[in-house]
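One letter stands for each residue in the lines below.
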Amino acid sequence: MQISLIAVGQKMPAWVNQGYEEYARRMPPECQLHLIEIPLAKRSKGSDVSRSMSKEGEQMLAAIKKDSLVVAMEVSGRPWSTGQLADQLTDWLQSGRNIALLVGGPEGMAPACLNKADHKWSLSNLTLPHPLVRIVIAEQLYRAVSILKNHPYHK
């Protein structure tokens, strides 16, 4: 199983790339984590934000591998504890399907992406900076794997 983190935004600060890579490299071979960056659509004064979101959404949907389970990161989604994420990861591993985790841009996620999602996951009721979300997702996935492998990292 491969987990694709499909996120809007490129050219992240070094600390974001370092944080994400630290946890992504720790993932075991049976659930590797890969980042796919979608370019932020151009925005200018008076531009149509919904058109920009739609363009980003089309690119996100095109990046999803065939037959993947799609999870949209959405503030109104279900909050999962780390234990619940570990349970989800167990189910995902047993399904044999690839996973696509979608992170939208500054204005949120395109409706087409939300409609495609099998699950909507909320990391927090707080509004988190999108670059930080990449690190939090990678760390939480690693923590969930640690629980499944009885590794002391989780404690």
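Above this text is the structure in question.
Heads up: these notes are all about the structure in this document. This is a predicted model, so every value here is computed, not measured.

Three- or four-residue spacings in an α-helix give side chains the same orientation, since the helix completes a turn every 3.6 residues. Over its 15 residues, helix 2 (residues 49-63) extends 21 Å from the first C-alpha to the last, a length consistent with the 21 Å expected when each residue adds 1.5 Å. Residues of helix 2 that are buried: Ser52, Met53, Glu56, Gly57, Met60 and Ala63. Down the axis of helix 2, the buried side of the element spans an arc of 135 degrees, and every buried residue falls inside it. Of the residues in helix 2, the exposed ones pointing more than 90 degrees away from the buried face are Arg51, Glu58 and Ala62.

The next point concerns unusual backbone geometry. With a phi close to 55 degrees, lysine 11 is a non-glycine residue in the positive phi region. For lysine 11, a relative accessible area of 80% gives the class exposed.

This paragraph deals with the packing of helix 1 (residues 14-24) against helix 5 (residues 130-148). Where helix 1 meets helix 5, the closest approach of the two axes is 8 Å, and the angle between their N-to-C directions is 15 degrees. Between helix 1 and helix 5, the crossing angle belongs to the class labelled roughly parallel. In this structure, helix 1 crosses over helix 5, and the sense of that crossing is left-handed. Contacts between helix 1 and helix 5 involve Trp15, Val16, Gly19, Tyr20, Tyr23 and Ala24 from the first element and Pro131, Leu132, Arg134, Ile135, Ala138, Glu139 and Tyr142 from the second. Along the lines of polarity and charge, the residues of the contact of helix 1 with helix 5 split into ten nonpolar, one polar and two charged.

Before going further, it helps to spend a moment on the packing of helix 3 (residues 82-95) against helix 5. One way to put it is that helix 3 packs onto helix 5 with a least axis distance of 8 Å and a crossing angle of 80 degrees. Judged by the angle between their axes, helix 3 and helix 5 are roughly perpendicular. In this structure, helix 3 uses Thr82, Gly83, Leu85, Ala86, Leu89, Thr90, Trp92 and Leu93 to contact helix 5, whose residues at the interface are Gln140, Leu141, Arg143, Ala144, Val145, Ile147 and Leu148.

With that settled, the discussion passes to the pattern of salt bridges. On inspection of all chains with the given rule, the structure shows five salt bridges. Salt-bridge contacts for arginine 26 lead to glutamate 22; the nearest nitrogen and oxygen are separated by 2.7 Å. Of the residues examined, arginine 26 reaches a relative accessible area of 31% and is grouped as partly exposed. Exposure remark for glutamate 22: the relative accessible area of 25% places this residue in the partly exposed category.

Tracing the backbone shows glutamate 139 in helix 5. Overall, the relative accessible area of 11% leaves glutamate 139 in the buried class. In this structure the side chain of glutamate 139 is engaged in a polar contact, spanning 2.7 Å, whose partner is the side chain of glutamine 140. Apart from residues lying up to four places away in sequence, glutamate 139 is in contact with Tyr23 and Tyr153.

Criteria and cut-off values
Residues numbered from 1 in each chain as written. Predicted model: local features only at pLDDT ≥ 70, side-chain atom pairs only at ≥ 80, totals over all residues. Heavy atoms only, no water. Helix = DSSP H or I, 4+ residues; strand = E, 2+ residues; numbered from the N terminus. Expected span 1.5 Å × (residues − 1). Buried < 20%, exposed > 50% of the residue type's maximum accessible area, 1.4 Å probe, protein only. Arc of directions from axis to C-beta. Axes fitted to C-alpha atoms, helices over the stretch in contact; angles between N-to-C directions. Parallel < 35°, antiparallel > 145°, perpendicular 65-115°, else oblique. Left-handed = near helix turned anticlockwise from the far one by under 90°. Contact = heavy atoms within 4.5 Å. Nonpolar A, V, L, I, M, F, W, Y, C, P; charged D, E, K, R; others polar. Salt bridge = Lys/Arg side-chain N within 4 Å of Asp/Glu carboxyl O. Polar contact = N/O pair within 3.5 Å; in protein donor to acceptor, adjacent residues only side chain to side chain.

Nothing here speaks to function; it is all geometry.
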